[in-house]
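Descriptive analysis of the structure
Residues per chain, in single letters:
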Amino acid sequence: MTLQVSWVRHRDVHLLTIGRYTYTNDQRFRPIHNAQTDDWTLEIKYPQLRDSGYYECQVSTTPHMSHIVYLDVIEPKTEILGAPDLYINRGSTINLTCVVLLSPEPPAFIFWNHNDAIITYDPTRGGVSVVTEKGDITRSFLLVQEAKPSDSGRYTCNPSNAQPKSITVHVLNEYPAAMQHGGQAKQPRLYSLLLCLCLLLY
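Remember, predicted model here, so these are calculated numbers, not experimental data.

**Description of unusual backbone geometry**
Among all residues except glycine, the phi angle is most often negative; among peptide bonds, the trans geometry is most common. Following threonine 62, the chain continues into proline 63 via a peptide bond in cis, with omega recorded as 5°. Along the chain, proline 63 turns up in the loop between strand 6 (53-59) and strand 7 (65-71). Residues alanine 83 and proline 84 are joined by a peptide bond in cis, for which omega reads 15°. On the secondary structure map, proline 84 appears in the loop between strand 8 (77-80) and strand 9 (85-89). Even without being glycine, leucine 102 reaches a positive phi, approximately 55°. Residue position: leucine 102 is located in the loop between strand 10 (94-101) and strand 11 (110-114).

Take a look at the structure:
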């Protein structure tokens, strides 16, 4: 006796397949069966968030047999720490961290863009590097040393399996305090002169 296997979507009680035939206009659904086995698989191409829910496999036996499974479709999420804006002084290091969350598997690759152009690590610029750590949570670190005003702009993290995320970097035309001279360097001498003047008055 040939048994018929059907798949039903509980959300709208829609009969998706019977045997090898599909009963939905959504071409993403199709049944797969290997004649050598008793396995019947419901394939859903390009799953979407709305596909989440309960699906029931029904077998035409007497008594009736069925098995219910829950499909949880998740969408990977991209974040850049410190977004949407980062302000740093000229000469500092731009340090951007991109995080990919809720991904069933790590992204195959992550590209970084600067103002829509892929960062190519041009040797004439130098000081640009990317380190990516893959895992349940994937992190990609972009470092740009000795930042210049021309390094300002929008930086975008593009994972292969998630939506891109951007941050706007503003390189201020000032050097870090450790590199500054002039006014700040003269303050200790000015303080010494004032101290000597006070001692002479006494």
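**Side note on the sheet that holds strand 13 (residues 128-133)**
Strands sit in the order 8-10-14-13 across an open sheet of 4 strands; the sheet is antiparallel. Both edges of this open sheet fall to strand 8 and strand 13, since each of them pairs with a single strand only. With strand direction ignored, the average angle separating the axes of adjacent strands in the sheet is 15°.

**Section: the nonpolar core**
Generally speaking, nonpolar side chains in soluble globular proteins are found buried as a group. One finds Ile94, Leu96, Trp112, Leu142 and Tyr155 to be the most contacted residues of the largest nonpolar core, which totals 18 residues. Mapped by element, the contributors of at least two residues to this core are strand 10, strand 11, strand 14 (138-144), strand 15 (153-159) and strand 16 (165-172). If one sorts the elements of this core by residue count, strand 10 sits on top with 4 residues. Residues in contact with tyrosine 155, not counting those within four places in the same chain, are Ile80, Ile94, Leu96, Asn113, His114, Ile119, Leu142, Lys165, Ser166, Ile167 and Val169.

**Remarks on the state of the cysteines**
Scanning all chains against the criterion turns up 1 disulfide. Shown here is the disulfide that connects cysteine 98 with cysteine 157, its sulfur atoms set 2.0 Å apart. Residues cysteine 98 and cysteine 157 share a disulfide whose torsion about the S-S bond is about -75°; that sign makes it left-handed. Residue cysteine 98 is found in strand 10, and its partner cysteine 157 is found in strand 15; the two are separated by 59 residues along the sequence. Take cysteine 98 and cysteine 157: they sit in the same class, and that class is buried.

**Regarding the pattern of salt bridges**
Considering all chains together, one arrives at 6 salt bridges under this definition. For the salt bridge of aspartate 12 with arginine 9, the shortest nitrogen-to-oxygen distance reads 2.8 Å. Among the ionic pairs, aspartate 26 bridges to arginine 28, the shortest N-O distance being 3.0 Å. What you see here is one network of salt bridges that share partners, running through Asp26, Arg28 and Asp51.

**Some thoughts on the packing of aromatic side chains**
Where two aromatic rings form a pair, the distance of their centres and the angle of their planes describe that pair. Summed over the entire model, instances satisfying the criterion amount to 2 aromatic pairs. When the centroid spacing of 4.8 Å and the interplanar angle of 65° are considered together, the rings of tyrosine 54 and tyrosine 70 count as edge-to-face. Here the residue tyrosine 54 occupies a position in strand 6, and tyrosine 70 occupies one in strand 7, the gap between them amounting to 16 residues. On the numbers, 4.8 Å between centres and 35° between planes, the contact of phenylalanine 109 with phenylalanine 111 is tilted. When its relative accessible area of 41% is taken as the criterion, phenylalanine 109 is described as partly exposed.

**With respect to the environment of valine 131**
Along the polypeptide, valine 131 turns up in strand 13. Overall, the relative accessible area of 45% leaves valine 131 in the partly exposed class. As a C-alpha pair, valine 131 and phenylalanine 141 span 10 residues in sequence and 5.1 Å in three-dimensional space. Here valine 131 is in contact with Arg139, Ser140 and Phe141, once residues within four sequence places are set aside.

**Observations concerning the environment of glutamate 56**
Among the secondary structure elements, glutamate 56 is positioned in strand 6. Relative accessible area serves as the criterion here: at 12%, glutamate 56 is assigned to the buried category. For the pair formed by glutamate 56 and tyrosine 70, sequence separation is 14 residues and the distance between their alpha carbons is 8.8 Å. With residues near it in sequence (within four places) discarded, glutamate 56 still touches Ser6, Trp7, Val8, His10, His64, Ser66, His67 and Ile68.

Procedures and definitions
- Residues numbered from 1 in each chain as written.
- Predicted model: local features only at pLDDT ≥ 70, side-chain atom pairs only at ≥ 80, totals over all residues.
- Heavy atoms only, no water.
- Helix = DSSP H or I, 4+ residues; strand = E, 2+ residues; numbered from the N terminus.
- Pairing = 2+ DSSP bridges.
- Axes fitted to C-alpha atoms, helices over the stretch in contact; angles between N-to-C directions.
- Core = buried A, V, L, I, M, F, W, Y, C linked by side-chain atoms within 4.5 Å.
- Buried < 20%, exposed > 50% of the residue type's maximum accessible area, 1.4 Å probe, protein only.
- Contact = heavy atoms within 4.5 Å.
- Disulfide = S-S within 2.5 Å.
- Salt bridge = Lys/Arg side-chain N within 4 Å of Asp/Glu carboxyl O.
- Phe/Tyr/Trp six-rings, centres within 6.5 Å; stacked < 30°, edge-to-face > 60°.

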